[in-house]
Amino acid sequence: MTGPGAPTRMLRGEHVRRVVWLPGTDLLRGTCFCGAERDAEDPVELWEWLLAHPDHGGTPAVPTRPAPRELASI
Amino acid sequence: MSEFVRDQWYVAAYGSEVGRELLARTILGEPIVLYRTGDGTAVALADRCVHRRFPLSESKLVDDTIVCGYHGFTYGTDGACVAVPGQKRIPRTARVPSYPVVEQDSFVWVWIGDAGKAATTPVPRAPWLADPGYATVCGMEPLNARASLLVDNLMDLSHETYLHGGYIGTPEVAETPITTEVDDEAGVVYVSRHMDDTECPPFYAESTGLAGRITRWQDIEFHPPCLYLLHSRVAPVGVLPNADGTDPDAFHVEVVYAITPSTENSTYDFWAVARDFAQDDAEVSDYLRESNRTVVLQDVDALNVLEKVIADEPAGYQELSINIDTGGLAARRILARMARAGDPTKVGS
């Protein structure tokens, strides 16, 4: 879903890797904590790319980081 | 190769299970006997007499000591032998290991690994289970499968549609895309699935009284290696939390799993369901207890079958992962890293 109830950034750490399944597609979008992004169809490939930080290839984008919600239990 | 992650806190039992009867549990392959002293303190000792390996859990609790049921070796709460039969001298090595224990959030946690690291390692939290603002039903089902299969199962809730139809599964669960986040430093995997207009499954319709379609959110926090939290939110379609974070018009269910490896191929599946509505309604409690136990047993049956299949296959069997597996793959990677870190023979491998 993409509306007001869509998942927002939940984890507050400085080194959070994020994978969003793009609604209406079969694509996954991976975002490294450095801001680098990549789309892929295979989650195994995408995790390998994310974990290769800082060797993502190309110039990292500037990350945008909305304020995370406080976790309930940590 | 062992998948066990040592130097961690694990749930050994509910506090309500530990009393003046001796309770046997095997955790990460280690046989443990649990009991409670006269002043209410929970104790965990190795469940083998140092003399001839007789299980202390098959023995007798006398005051706060265990008297071995075979030859009478007697152990105090710290595992030290305080009496042996027929002689006054107690051998210096007459002692069984004792385990660090913490009671928290209705669970009895034991530390498996280097006891010197226990005090500096926080015990994971599931605060709803002991919160008077919530009503909780819970249970434990033994699973004849490796713990990693239960982790896989819980990290990908799309299986609800196919395995748990008629209880918690609806078509929208499998159809709705997920968002996954991983914080390696904090050791958390988070998976969100927010369904904004979905069928209400019986589990929630019967317990909340909601009729018609609903907004249903599933937010998973997995704290490897053993604590799984599912923040479940259901509300009428279109009802969202307020901007200040309050959420008075939704129903919240905190589903907690403590995944405790017993042996390489068996697991204790502790489950609990805490709710912030109808707290005093016994019928709702009975319904949720029976429904969730049914769901858990559906998983247990499936995973028992799966364990038999993969146990007979050669190592390195082929799998295929798709989008729904994104969170499970992240959890597997962290668990593998933790297992290597706790096993000197595997560091760097």
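You'll find chain B entered in an unreviewed UniProt entry as Aromatic ring-hydroxylating dioxygenase subunit alpha, with Pseudonocardia bannensis given as the organism.

Student: What exactly am I supposed to notice about the environment of Val20 of chain A here?
Tutor: Structurally, Val20 of chain A is set in strand β1 (residues 16–21). Sequence separation between Val20 of chain A and His53 of chain A is 33 residues, and the spatial gap between their C-alpha atoms is 18 Å. Residues in contact with Val20 of chain A, not counting those within four places in the same chain, are Arg29 of chain A together with Thr179 of chain B.

Student: In this structure, what is going on with the interface of chain A and chain B? I would like to understand it.
Tutor: Between chain A and chain B, the residue contacts involve 25 residues of the former and 30 residues of the latter. Counting only elements with at least two residues in the side of chain A that touches chain B, the list comes to β1 and α1 (43–51) of chain A. It is β1 of chain A that contributes the most residues to the side of chain A that touches chain B, six residues altogether. Split into classes, the residues belonging to the side of chain A that touches chain B amount to 17 nonpolar, five polar and three charged.

Student: When you look at the sheet that holds β1 of chain A in this model, what are you seeing that I'm missing?
Tutor: Strand-to-strand pairing in sheets goes through backbone hydrogen bonds, with the strands running parallel or antiparallel. The ten strands lie next to each other as β3(A)-β2(A)-β1(A)-β12(B)-β13(B)-β14(B)-β15(B)-β16(B)-β17(B)-β11(B), forming an open sheet whose pairing is antiparallel. Each of the sheet's edge strands pairs with one partner strand only, and the pair in question is β3 (37–40) of chain A together with β11 (135–143) of chain B. The mean angle between the axes of side-by-side strands here comes to 15°, regardless of whether they run parallel or antiparallel. Two strands pair when backbone bridges link them, and β1 of chain A and strand β12 (residues 179–183) of chain B are joined in this way by five bridges, in the antiparallel orientation. In the sheet register, Arg18 of chain A faces β12 of chain B, and the bridge partner there is Glu181 of chain B. The sheet strands contacting α1 of chain A are β1, β2 (28–31) and β3 of chain A, and the helix crosses β2 of chain A at an angle near 15°. Together, β1 and β2 of chain A together with β12, β13 (188–198) and β14 (214–223) of chain B form the strand contacts of helix α6 (residues 326–341) of chain B, whose direction differs from that of β13 of chain B by roughly 165°.

Student: Where do I start with the nonpolar core in this structure?
Tutor: Within soluble globular proteins, side chains that are nonpolar tend to cluster in buried spots. All names here are of chain B. Counting 104 residues, the largest nonpolar core has Ala12, Leu34 and Val110 as the members making the most contacts within it. Among the elements that make up this core, the one with the highest residue count is strand β16 (residues 251–263) (seven residues). Viewed by domain, this core spans two of them, domain 1 (8–117) and domain 2 (127–341), each represented by three or more residues. Residue contacts for Ala12: discarding those within four places in its chain leaves Arg25, Ile27, Ile32, Leu34, Ala44, Val108, Trp109 and Val110.

How each quantity is defined
Residues numbered from 1 in each chain as written. Chains lettered and ligands numbered in written order. Predicted model: local features only at pLDDT ≥ 70, side-chain atom pairs only at ≥ 80, totals over all residues. Helix = DSSP H or I, 4+ residues; strand = E, 2+ residues; numbered from the N terminus. Contact = placed C-beta atoms within 7 Å. Nonpolar A, V, L, I, M, F, W, Y, C, P; charged D, E, K, R; others polar. Pairing = 2+ DSSP bridges. Axes fitted to C-alpha atoms, helices over the stretch in contact; angles between N-to-C directions. Core = buried A, V, L, I, M, F, W, Y, C linked by C-beta atoms within 7 Å. Buried ≥ 20, exposed ≤ 12 C-beta atoms within 10 Å, placed from the backbone. Domains from an automatic or database assignment.

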